[in-house]
Amino acid sequence: MPVLVGLLIIVLALMWFAERCSISHKGSIADVYSRPGGDTVAIAIEMSPMTYTFSGDSAVGFEYEVMKAIARRHNLPVVFQPFAPLEYAFDGLHKGDFDMVIASVPSTKKISDVFLLTDDIYLDRQVLVTRKDSTGDTTATGIPAQMRLLGDTVWAADASPTGSRLRNLSHEMGDTIYVESKPSLTSEHLVILTATGEIKQAVVNEAVARRLAEQYPNIDISTPISLSQFQPWMLNKDKAALRDSLNVWIAEFKQTPEYCRLADKYLK
């Protein structure tokens with residue numbers, strides 16, 4: 001009997017684990033999220049080492065902490081909904097499920113045509129993530145890294161502007177760069193998959209890559225793919241008044257010692 005009870009417990013545990021793993025990323029979020037009422041601002045925030053993550057039992061992240069500080073200073077009620085795939089957040093923003101999206105996404109005309117953008121929170125650029133070779137020299141062939149991408153496959157986060165940047169780069173250099181993405185793979189996932197050898201290379205924001213390079217010293221992130229770009233927050237087109245207020249509050253907050261402390265912690 002004790003053996004049978006033990007086996008039953010193991011089977012039930014495995015069934016529970018399998019059920020948890022089978023839930024889609026959209027379902028696991030949408031099943032627990034409900035649109036807040038009143039004046040509360042619904043914010044979808046990207047789960048990444050730069051934007052929103054956990055340190056012990058505490059939520060941390062540069063943009064999360066900036067938004068929290070602004071909301072606290074101006075008595076703005078907010079609720080954060082963490083997400084992974086950008087497609088989920090953009091779809092929810094378009095439909096009005098969210099008022100704002102906070103993610104590592106640069107300001108582009110394509111995005112500004114669809115959503116309202118705040119002023120920049122910080123500057124960032126896109127970099128190529130590869131594994132270092134045995135000598136630690138990624139330029140050993142003498143061929144610039146960007147040229148070596150021609151005819152090759154590069155991974156990018158789904159729905160991010162990175163794919164467009166890579167296609168523009170391939171046109172500039174007169175050849176094709178093949179861009180791969182999957183909705184379930186974020187920039188953080190792509191860096192880890194590169195570090196572990198599951199994929200050859202990826203392009204992500206430098207701030208994200210730099211923080212992950214502390215955990216994965218075998219990756220090289222020294223090759224820029226873009227110039228520095230503004231990193232704003234995105235709002236539903238109906239939230240012009242909120243966007244205008246945020247621009248004023250962002251400009252004020254960037255002059256404070258608290259912003260400087262957060263920038264030193266996350267951006268350097």
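Refer to the structure printed above.
The following refers to the structure shown. (Residues numbered from 1 in each chain as written. Predicted model: local features only at pLDDT ≥ 70, side-chain atom pairs only at ≥ 80, totals over all residues. Heavy atoms only, no water.)

A word on the pairing of strand E8 (residues 126–131)
Working note: regular strand, side chains alternate between the two faces of the sheet.
Here's step 1: Of all the six residues making up E8, five are buried; the element is thus mostly covered by neighbouring parts of the structure.
Here's step 2: Sheet analysis places E8 next to strand E11 (residues 201–205), joined by five bridges and oriented antiparallel. Its bridge partner being in E11, Thr130 is matched across the sheet by Gln201.
Here's step 3: One ladder, built from four bridges, connects E8 with strand E12 (residues 219–224); its direction is antiparallel. Bridge pairing in E12 links Val127 to Pro224. (Buried < 20%, exposed > 50% of the residue type's maximum accessible area, 1.4 Å probe, protein only. Helix = DSSP H or I, 4+ residues; strand = E, 2+ residues; numbered from the N terminus. Pairing = 2+ DSSP bridges.)

Focus: helix H4 (residues 86–95)
Here's step 1: Taken as a whole, H4 has its buried residues at Leu86, Tyr88, Ala89, Phe90, Gly92 and Leu93.
Here's step 2: Where H4 ends, the next residue or the one after it, Gly96, has phi of about 90°, a positive value.

A look at the side chain of Thr118
Here's step 1: Relative to the elements of secondary structure, Thr118 occurs in the loop between strand E6 (116–117) and strand E7 (122–124).
Here's step 2: Polar side-chain contacts of Thr118 include one of 2.9 Å to the backbone nitrogen of Trp233.
Here's step 3: Sequence-distant contacts of Thr118, that is, excluding residues within four places in its chain, are made with Pro232, Trp233, Leu235, Arg243, Leu246, Asn247 and Ile250. (Polar contact = N/O pair within 3.5 Å; in protein donor to acceptor, adjacent residues only side chain to side chain. Contact = heavy atoms within 4.5 Å.)

Let's talk about the packing of aromatic side chains
Here's step 1: For the structure on display, the rule yields nine aromatic pairs.
Here's step 2: With a centroid separation of 5.7 Å and 80° between ring planes, the pair formed by Tyr52 and Phe54 is classed as edge-to-face.
Here's step 3: Pairing Phe253 with Tyr259 gives two aromatic rings, centres 6.1 Å apart and planes at 85°, and the pair type is edge-to-face.
Here's step 4: Given a relative accessible area of 1%, Phe253 falls into the buried group.
Here's step 5: Cluster of aromatic residues (ring-pair linked, three or more members): Phe62, Tyr122, Phe253, Tyr259 and Tyr266. (Phe/Tyr/Trp six-rings, centres within 6.5 Å; stacked < 30°, edge-to-face > 60°.)

Brief notes about the environment of Ile177
Here's step 1: Here Ile177 is to be found in the loop between helix H7 (162–173) and strand E10 (178–180).
Here's step 2: Linking Ile177 and Leu166, residues eleven residues apart in sequence, is a C-alpha distance of 6.8 Å.
Here's step 3: Setting aside chain neighbours within four positions, we find Ile177 in contact with Leu149, Leu150, Asp152, Val154, Leu166, Leu169 and Ser170.

Some points on the nonpolar core
Here's step 1: Ranked by size, the top nonpolar core spans 42 residues in total, and within it Phe62, Val66, Met67, Ile70, Met100, Trp233 and Leu246 carry the most contacts.
Here's step 2: At seven residues, the largest contribution of residues to this core is made by helix H3 (residues 62–73).
Here's step 3: Setting aside residues up to four positions removed in sequence, Phe62 forms contacts with Met50, Thr51, Ile121, Tyr122, Tyr259, Leu262, Ala263, Tyr266 and Leu267.
Here's step 4: Within the second largest apolar cluster, 15 residues are counted, among which are Ala89, Leu93, Phe98 and Leu117. (Core = buried A, V, L, I, M, F, W, Y, C linked by side-chain atoms within 4.5 Å.)

Some remarks on the sheet that holds strand E5 (residues 100–102)
Here's step 1: One open sheet accounts for five strands, arranged E4-E1-E5-E14-E6; its pairing is mixed. Looking along the sheet, the strands with just one partner apiece sit at the ends: strand E4 (78–83) and E6.
Here's step 2: Of the strand pairs in this sheet, strand E1 (residues 41–46) and E4 are connected by six bridges, and their pairing is parallel. Considered in E4, the bridge of Val41 is made with Val78.
Here's step 3: The strands touched by H3 within the sheet are E1, E4 and E5, with E4 carrying the most contacts at an inclination of about 170°. (Axes fitted to C-alpha atoms, helices over the stretch in contact; angles between N-to-C directions.)

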